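Coordinate inspection notes
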Amino acid sequence: MPWSGTPPGASFITSTFLIDDVRFSMMARLLSPATSNEPARSHAFGGLTVALLLVLATTVVAAPRATAQPVGSDTPAGADTTVISFDQAVNIALDQNTSLKRASNEVRRAETNVWAERMDWAPNATLSSGLSRNFGRSFSQEEGGIVDQSTDFFRVDVSGSVSLRGLGVENYASMKNAEWQATSSELSLERTRQDVVFQVMNRYIALVENREILVVQREELEARQQQLRQIEEFVDAGSRPVSALYEQQAAVAEAESNVLAAERDVQLSETRLIQVLRLDPMEAYRFDAPEVAENVEPEAAYDLTALITQAFDQRLDLRADRAGVQAAESSVSSARSQYLPTLTFSADYGTNWSSTAPDFQPVPGTGQTQELGFLTQQGVVVDQPVQVVDPDFQAVDFYDILDQRRGGSIGVSLRFPLFDGLRREQQVEEAQVQRLNAQYQLEDQRQQVALEVREAYLNYQTAVKQLDVTEKQVRAARQAREAAQERYNLGAASIVELTNANRNFVQAASQRIRARYNFVFQQKLIAYYVGNLNPSESLF
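This structure is a prediction, so every number in the text was calculated from the model and none was measured.

Definitions and limits used
- Residues numbered from 1 in each chain as written.
- Predicted model: local features only at pLDDT ≥ 70, side-chain atom pairs only at ≥ 80, totals over all residues.
- Heavy atoms only, no water.
- Pairing = 2+ DSSP bridges.
- Helix = DSSP H or I, 4+ residues; strand = E, 2+ residues; numbered from the N terminus.
- Axes fitted to C-alpha atoms, helices over the stretch in contact; angles between N-to-C directions.
- Buried < 20%, exposed > 50% of the residue type's maximum accessible area, 1.4 Å probe, protein only.
- Core = buried A, V, L, I, M, F, W, Y, C linked by side-chain atoms within 4.5 Å.
- Contact = heavy atoms within 4.5 Å.
- pLDDT = per-residue confidence, 0-100.
- Expected span 1.5 Å × (residues − 1).
- Patch = residues over 30% accessible without salt bridge, like charges linked within 9 Å, V, L, I, M, F, W, Y side chains within 5 Å.
- Areas by Shrake-Rupley, 256 points an atom, 1.4 Å probe, with all protein chains shown as cover.
- Salt bridge = Lys/Arg side-chain N within 4 Å of Asp/Glu carboxyl O.

Attention now moves to the sheet that holds strand 14 (residues 407-415). Here four strands make up an open sheet; going across it, the order is 2-5-7-14 and the pairing antiparallel. Looking at strand neighbours, the two that pair on one side only are strand 2 (124-134) and strand 14, the edges of this open sheet. Neighbouring strand axes in the sheet, compared pairwise and without regard to direction, differ in orientation by 20 degrees on average. Relative to strand 14, strand 7 (residues 342-354) runs antiparallel, the two sharing nine bridges. By the bridge assignment, Thr344 is partnered in strand 14 with Ser413.

This is the structure in structure tokens:
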């Protein structure tokens with residue numbers, strides 16, 4: 001894990017060296033030549049005993065300790081622990097996020113509307129059939145008159161028509177409106193995808209930041225516990241007042257409280273990440289994330305005007321609002337087209353059968369009439385008798401009758417509504433209001449995009465400056481802590497001064513960590529607000 005100031009364990013090593021210096025100085029003082037009086041020799045012997053005990057105790061204290069628990073191991077990876085990397089978390093979020101699912105469903109609905117509007121140009125085709133029976137008196141076409149009997153009827157026909165609403169203007173405008181709505185839905189879906197990835201990225205950065213702060217707090221607790229053991233030895237040796245021991249015990253308690261608060265922050269960060277990923281809160285997870293380099297370098301200087309211009313061109317939500325304006329324009333054209341007539345082309349073809357149809361029909365080509373004329377002597381026809389030849393008959397069935405009676409028709413009609421209760425005017429007015437609202441929404445979104453990019457730019461500039469400031473702050477706080485430790489060991493500083501120096505160093509180290517991760521976050525925030533955040537790129 002990268003360290004923003006002193007490397008891990010440096011506080012412990014510094015304390016060990018200081019203990020060795022104090023141990024040797026006390027040995028030299030206690031083993032110096034004694035005076036001639038007996039009490040002095042007795043005091044020297046007692047001091048020697050204390051010194052030997054001190055050497056033994058500090059040697060044990062200065063023995064190598066086990067390494068600290070790695071960052072992210074607060075939840076140990078066991079058989080029931082699921083380890084999730086950043087890339088896996090992004091895939092899980094893209095698969096589980098309900099906002100993304102709703103946006104995807106909206107795209108499906110918009111695509112369905114596009115196909116429905118395009119099919120308005122195609123004719124409507126209908127196949128119909130019916131079977132009925134008439135009772136009592138009814139007109140029979142076969143009989144050519146009224147019949148008093150039950151009659152069965154069967155019919156089958158197919159018909160089709162195509163209507164050009166507003167002479168085709170409304171058809172076209174409705175189709176374009178559906179296409180622009182589909183484009184807006186697709187752009188909104190991609191923007192929602194970026195939102196989900198950014199949320200995961202934001203939660204991951206917060207989690208890694210809190211983990212590093214936890215490491216700082218744990219190592220500071222270890223250093224203060226080491227100082228507490230050192231001060232206990234000083235108090236036992238009589239070189240420090242007991243009040244120093246009490247002050248250090250309070251400092252250790254403060255460090256323990258800070259560790260508990262840092263552990264809570266890590267757990268809360270993991271909980272928020274579980275919420276974003278919509279994971280089962282009853283399961284155990286460990287989130288692995290790449291580390292941020294200690295020396296993060298700012299990229300090339302950004303130009304605010306270029307960033308805003310790029311955002312106007314690339315922001316998917318802004319492009320979706322532009323598509324919404326185009327859709328509203330099409331709605332206005334569709335509403336105005338209702339003042340034009342509707343042109344309809346239709347065609348029909350079918351056949352029918354009835355129970356009154358004869359069972360036998362003359363055979364075509366038989367039953368011809370023959371004409372016989374009588375001539376007078378002058379060659380003038382005076383009479384023309386007709387000789388009828390009986391035709392041949394044949395039986396006909398159901399299908400023959402259907403074949404004989406088949407036929408169709410074609411037609412064209414023009415319908416122009418004269419008055420519809422001012423509904424056309426109302427629809428035109430509503431469409432114009434929706435167009436104005438869409439334009440206002442676009443203007444508001446442009447303003448919001450510009451402000452977001454400007455704010456992200458200013459925050460990035462501040463984050464770059466904080467990198468340099470916090471580095472100097474950590475360096476100065478480390479030097480002040482080392483000086484305070486030396487002064488305290490020499491008896492020139494109080495325990496309060498040493499505690500404040502340690503506290504200042506911990507605050508400086510924590511601020512350095514926050515500055516590094518804030519810088520990374522601001523870089524991602526600029527990419528997010530400009531609109532070129534790539535969901536497939538790495539976290540750091």
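Turning to unusual backbone geometry, a few remarks are in order. Of note in the backbone geometry, Leu167 takes a positive phi value of approximately 55 degrees without being a glycine. By secondary structure assignment, the location of Leu167 is in the loop between strand 5 (151-164) and helix 5 (169-237). By relative accessible area, Leu167 is classed as partly exposed at 48%. With a phi angle near 55 degrees, Arg278 is a residue other than glycine that sits in the positive phi range. Tracing the backbone through its elements, the reader meets Arg278 in the loop between helix 6 (242-277) and strand 6 (284-287).

This paragraph deals with the nonpolar core. With 74 residues, the main nonpolar core has Val200, Tyr204, Leu277, Phe287 and Val453 as its most contacted residues. Of all the secondary-structure elements, those providing two or more residues to this core are helix 3 (86-96), helix 5, helix 6, strand 6, helix 7 (304-314), helix 8 (316-336), helix 10 (423-489) and helix 11 (495-530). If one sorts the elements of this core by residue count, helix 5 sits on top with 17 residues. In contact with Val200, not counting residues within four places along its chain, are Phe86, Ala89, Val90, Ala93, Leu273, Val276 and Leu277.

Moving on to the confidence of the model for the protein chain. Looking at the protein chain, pLDDT values average 79 and 77% of them are 70 or higher. Note on residues 1-73: pLDDT is under 50 here. Beyond four places in sequence and across chains, it has 79 contacts.

Turning next to the side chain of Arg424. Mapping Arg424 onto the fold places it in helix 10. Those residues in contact with Arg424 that lie beyond four places of it in its chain are Gln338, Tyr339, Pro417, Leu418 and Phe419.

In this section: helix 5. Taking 1.5 Å per residue as the helical rise, helix 5 with its 69 residues ought to reach 102 Å, and the 101 Å between its terminal C-alpha atoms agrees with that figure. Just past helix 5, the residue Gly238 takes up positive phi, approximately 85 degrees.

Together, Leu167, Val169, Leu340 and Leu414 make up an exposed nonpolar region whose accessible area comes to about 340 Å². Here Leu414 shows up in strand 14. When its relative accessible area of 58% is taken as the criterion, Leu414 is described as exposed.

Spanning 67 residues, helix 10 covers 93 Å between terminal C-alpha atoms, matching the ideal 99 Å at 1.5 Å per step. Directly after helix 10, the chain includes Gly491, whose backbone phi takes a positive value near 85 degrees.

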